[in-house]
Amino acid sequence: MANNTKELEDCEQANKLGAINSTLSNQSKEAFIDWARYDDSRDHFCELDDERSPAAQYVDLLLNPERYTGYKGTSAWRVWNSIYEENCFKPRSVYRPLNPLAPSRGEDDGESFYTWLEGLCLEKRVFYKLISGLHASINLHLCANYLLEETWGKPSWGPNIKEFKHRFDPVETKGEGPRRLKNLYFLYLIELRALSKVAPYFERSIVDLYTGNAEEDADTKTLLLNIFQDTKSFPMHFDEKSMFAGDKKGAKSLKEEFRLHFKNISRIMDCVGCDKCRLWGKLQTQGLGTALKILFSEKEIQKLPENSPSKGFQLTRQEIVALLNAFGRLSTSIRDLQNFKVLLQHSR
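The rules we used
- Residues numbered from 1 in each chain as written.
- Predicted model: local features only at pLDDT ≥ 70, side-chain atom pairs only at ≥ 80, totals over all residues.
- Heavy atoms only, no water.
- UniProt positions renumbered as here; feature names shortened; annotations may be inferred.
- Pairing = 2+ DSSP bridges.
- Helix = DSSP H or I, 4+ residues; strand = E, 2+ residues; numbered from the N terminus.
- pLDDT = per-residue confidence, 0-100.
- Buried < 20%, exposed > 50% of the residue type's maximum accessible area, 1.4 Å probe, protein only.
- Contact = heavy atoms within 4.5 Å.
- Expected span 1.5 Å × (residues − 1).

Labelled according to an unreviewed UniProt entry, the chain appears under the name Endoplasmic reticulum oxidoreductase 1 beta, originating from Homo sapiens. Its UniProt record gives the chain the following Sequence similarities (unreviewed entry) comment, quoted word for word: "Belongs to the EROs family."

Shown next as structure tokens:
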């Protein structure tokens, strides 16, 4: 009995001395959440919404097509002005062409801006072209799906040639319109390149596009892989290897600055006053951010295991949806542009 009692006491002492104190202060709990959020965001080029937040809302994109909403004027210009002024590596003394919020500059038709732009490094010029291309694409969607008239409560939607010329005509925009459209094509090439680069991630057998319907999931993956195959057949991709190719320390710093600027743009999109405009603006911004994440993760994608979960590179469902819908919007812009060319020829 004495031996048993001694063993019991020793066991209790061992349990007591070996026990873990799992008490955490509220401050520590909040810090851990913040650390996890920071770690998760290290590779992201945009702010991803917290899908578990009570404020998050799911919407059917097919029921909410991107088109003209009447959101325009000073409030819309302020959002885009903040995006350009805060993030495009531009000094306050340099003004973008046709900026209604800029002071009058007399005879300067924007040449001083492009002289300044050409003096920047490749990475910063690329950043501006991406934002300009995104802006042009969104404007094209609004011109192509314009509210032409509304009779008896039934709206009539279609292309508005006058609005298109106002935004892109070489004469009306003093040469700025064609530059915007060139940046649109540049953005299209960037996202096309990203789709071809990310193909190995989806080609792995472990990756499925889960919705709960196994047959539809398999069909969707097959269609997606067909799209990736088509992108590889197009030879004129943008070569991102020329970016961030300087000394390692400077290149790393510039890449981080590039990423943070882009994340700030996704925050600014939250300030858009029109719900539908904010929805499509954020979706296309997140899609571009995901494309950039892919382009700068080539080594990690090449090292992905075939039959085990990804560690070095991962895409969330939100990023996948944004990437494909953003490219879909750009493809639609290219098609709409061709349609406007035909309409303009017939109107002459």
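Draft legend 1. Spatial organisation of the pairing of strand 1 (residues 146–151). As defined by bridge partners, strand 1 adjoins strand 2 (residues 154–158) across five bridges and the pair is classed as antiparallel. When the sheet's bridge partners are listed, Tyr 146 is paired in strand 2 with Gly 158. Between the antiparallel neighbours strand 1 and strand 2 lie two residues, among them Trp 152 with a positive phi of about 55°.

Draft legend 2. Quick look at the confidence of the model for the chain. Summarising the model, the chain shows a mean pLDDT of 83, and 83% of its residues fall at 70 or more. By mean pLDDT, the top-scoring element of the chain is helix 6 (residues 161–168) (94), and the lowest-scoring one is helix 2 (residues 26–41) (61).

Draft legend 3. Layout of the UniProt feature "active site" (unreviewed entry) in the chain. Mapped onto this numbering, the UniProt entry gives "active site" (unreviewed entry) at Cys 274 and Cys 277. The topology assignment puts Cys 274 in the loop between helix 9 (248–268) and helix 10 (275–295). Overall, the relative accessible area of 13% leaves Cys 274 in the buried class. Setting aside chain neighbours within four positions, we find Cys 274 in contact with Thr 69 and Tyr 71. Mapped onto the elements, Cys 277 comes out in helix 10. With residues near it in sequence (within four places) discarded, Cys 277 still touches Thr 69, Tyr 71 and Val 272.

Draft legend 4. Structural view of helix 9. When the terminal C-alpha atoms of helix 9 are compared, their 30 Å separation across 21 residues agrees well with the 30 Å that a helix rising 1.5 Å per residue should span. Of the positions making up helix 9, those classed as buried are Ala 251, Leu 254, Phe 258, Arg 259, His 261, Phe 262, Lys 263, Asn 264, Ile 265, Ser 266 and Ile 268.

Draft legend 5. Expanded view of unusual backbone geometry. The backbone of Phe 89 shows a phi angle near 60°, a positive value even though the residue is not glycine. Note on placement: Phe 89 falls in the loop between helix 3 (74–87) and helix 4 (111–118). Unusually for a residue other than glycine, Lys 174 sits at a positive phi of about 55°. Here Lys 174 shows up in the loop between helix 6 and helix 7 (176–203). When its relative accessible area of 60% is taken as the criterion, Lys 174 is described as exposed.

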